[in-house]
Amino acid sequence: MMERLQEQMVVPQKSSVLDLVVLYEFHVNETSSSCLKSNIDQLFAKYGLSLKQVRGQGYDGASNMRGEFNGLRALIMRENSSAYYIHCFAHQLQLVIVAVAKKNDDVSDFFDMVSLLLTVAGASCKRKDMIRESQQERVSKAIGSGQLSSGTGLNQEQSLQRAGDTRWSSHYKTLKRLNSLFPDVIEVLQYVSKEGPTDAKRRQARGLIDYLKDFDFVFHLHLMLLILGHANSLALSLQRKDKDILEAILEVKLTKQKFQQIRDDGWDSLLETVLSFCEEHGIPKLDMEQEYIDRHRPRRKTNRTNYQHYRYDCLNPVIDLQLAEFSDRFNEVNSELLTHVAAFNPKNSFDAFKLESLMELAKLYPADFNSRQLKDLSGELGFYIDNVRADERFANLSTISELGKLMVDTKKHLGFPLVYRLLKLVLVLPIATASVERSFSAMKIVKTELRNRIGDQFMNDCVVSLVEKEFLDAIPNDDVIMRFQKMEDRTRRVQL
């Protein structure tokens with residue numbers, strides 16, 4: 001019982017070039033920064049490690065972690081100034097999405113109504129079954145008429161999912177499923193409006209039907225699908241294990257450019273999508289040149305056309321807020337450290353290479369480069385850039401991860417050891433804590449109510465086996481059998 005009251009913490013260790021994550025799990029009595037720091041010290045001491053060797057920190061942005069003065073990152077950097085902190089990019093992106101969903105009044109009202117809709121439509125198993133059965137019937141008719149094609153993985157059964165501020169991409173998944181299940185949701189609401197248990201529930205369902213069949217709802221639905229769709233693509237990319245810091249920075253910048261492009265040139269395609277949805281589902285369309293009527297104050301003159309309202313009062317402010325949040329949240333992109341890191345970019349025959357920037361980068365790691373090694377690095381960088389530019393094998397590289405692997409494959413890491421050391425320091429900078437988040441999810445599967453007394457070591461073994469399946473798949477079964485047979489533990493009950 002005591003174990004349930006204790007917090008769990010996972011410390012990942014990522015190798016510099018190989019894509020390998022080792023998870024250490026242990027219990028802490030509290031989650032204050034000082035307690036976490038003490039437990040990390042004990043863990044490092046147990047395995048003969050030192051905080052002096054740490055070259056990167058990555059957390060989810062909680063105050064006890066990222067606090068500038070007393071957070072865990074500050075406590076570690078007091079002992080080791082080279083343990084640079086990177087706020088998890090995937091968490092920052094989720095904060096951007098949540099901020100847009102709450103700070104803009106129209107979008108906030110939209111998500112409030114979607115939340116109410118999920119409560120009404122999914123209030124009972126019966127209503128969920130109605131949505132599922134309605135979808136199956138609709139899909140069957142569409143396949144029979146040739147509107148949909150059948151095949152493996154197509155036309156899968158779906159259900160409504162509630163968005164959560166801490167669940168990555170959940171806002172996008174909620175709207176995507178609502179968009180595909182729209183006629184089924186309307187059918188359930190019509191049932192509730194007639195057969196609901198109380199007058200209040202029936203009125204609530206009728207109000208939701210009126211809202212869902214309004215042009216304003218359809219516009220905000222597809223506007224947020226467009227914005228969150230691009231954010232979701234970025235989120236999935238940031239969660240990849242092989243993502244390096246330069247690639248992540250580039251994708252963040254490209255996503256910002258895409259949002260700016262939507263603001264400048266995306267109105268026509270968005271309006272076409274909205275009108276097509278309205279026509280498909282029998283929702284009244286608006287003439288963009290007519291005067292806009294506020295559905296909350298229908299008698300008040302707005303002196304704005306529908307075009308002016310939906311483009312300049314809805315689309316542009318949401319995009320502007322998204323761009324502002326990106327700039328505020330992803331402030332590491334403009335930091336001195338990452339500015340120097342960009343000089344390692346191998347794209348376009350190492351066009352971004354700047355010897356001065358890489359020298360400044362090396363000076364940020366005084367424990368790894370002394371004054372003599374800095375002088376040697378300056379000369380080595382000159383030979384290195386001439387060498388790789390002349391080698392055709394390095395001509396088509398796009399990421400620093402590929403650069404590090406190719407240097408090892410071609411043995412150039414032996415010819416340019418100082419350059420390779422600096423490259424490794426860049427590669428260990430954490431981008432996202434997705435691997436750690438997955439390990440927490442795995443712990444929920446491993447440590448259940450029936451296994452609430454499982455020990456730390458056994459749970460570690462089970463979690464690693466679940467999280468790192470690809471490594472276990474590479475181990476022959478005969479090796480496992482031989483290892484088991486050679487164990488001298490007499491408590492074993494079975495011999496293979």
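Just above sits the structure.
Residues numbered from 1 in each chain as written. Predicted model: local features only at pLDDT ≥ 70, side-chain atom pairs only at ≥ 80, totals over all residues. Heavy atoms only, no water.

## Regarding the packing of helix α6 (residues 105–121) against helix α9 (residues 182–195)
Contact pair α6 / α9: the axes reach a minimum separation of 10 Å and the direction vectors enclose 65°. Looking at the two axes, α6 sits roughly perpendicular to α9. Crossing hand, α6 versus α9: left-handed. Across the interface between the two elements, Leu-117, Val-120 and Ala-121 from α6 touch Val-185, Val-188, Leu-189 and Val-192 from α9. A class-by-class count of the residues in the contact of α6 with α9 yields 7 nonpolar, no polar and no charged. (Axes fitted to C-alpha atoms, helices over the stretch in contact; angles between N-to-C directions. Helix = DSSP H or I, 4+ residues; strand = E, 2+ residues; numbered from the N terminus. Parallel < 35°, antiparallel > 145°, perpendicular 65-115°, else oblique. Left-handed = near helix turned anticlockwise from the far one by under 90°. Contact = heavy atoms within 4.5 Å. Nonpolar A, V, L, I, M, F, W, Y, C, P; charged D, E, K, R; others polar.)

## Brief notes about unusual backbone geometry
For Asn-303, which is not a glycine, the phi torsion comes out positive at approximately 55°. Mapped onto the elements, Asn-303 comes out in the loop between α13 (267–280) and α14 (306–329).

## Examining the pattern of salt bridges
Applying the stated rule across the entire model yields 15 salt bridges. Of the charged contacts, one joins Glu-279 and Lys-285 as a salt bridge, the two residues approaching to 3.9 Å between their closest N and O atoms. Classification of Glu-279 by relative accessible area gives exposed; the value is 60%. With its nearest N and O atoms 3.0 Å apart, the salt bridge here joins Arg-304 to Asp-313. Among the residues examined, Arg-304 registers a relative accessible area of 28% and is labelled partly exposed. (Salt bridge = Lys/Arg side-chain N within 4 Å of Asp/Glu carboxyl O. Buried < 20%, exposed > 50% of the residue type's maximum accessible area, 1.4 Å probe, protein only.)

## Notes on the packing of aromatic side chains
Overall, the coordinates contain 16 aromatic pairs when judged by the stated rule. Where Phe-110 meets Phe-217, the ring centres are 5.7 Å apart and the plane angle is 35°; that geometry is what we call tilted. With Phe-110 in helix α6 and Phe-217 in helix α11 (residues 215–238), this pair connects stretches of sequence that are 107 residues apart. A centroid spacing of 5.9 Å and a plane angle of 85° characterise the contact between Tyr-292 and Tyr-310, whose relative ring orientation is edge-to-face. Of this pair, Tyr-292 sits in the loop between α13 and α14 while Tyr-310 sits in helix α14, and the two are 18 residues apart along the sequence. Accessibility assignment for this pair places Tyr-292 and Tyr-310 in one class, buried. (Phe/Tyr/Trp six-rings, centres within 6.5 Å; stacked < 30°, edge-to-face > 60°.)

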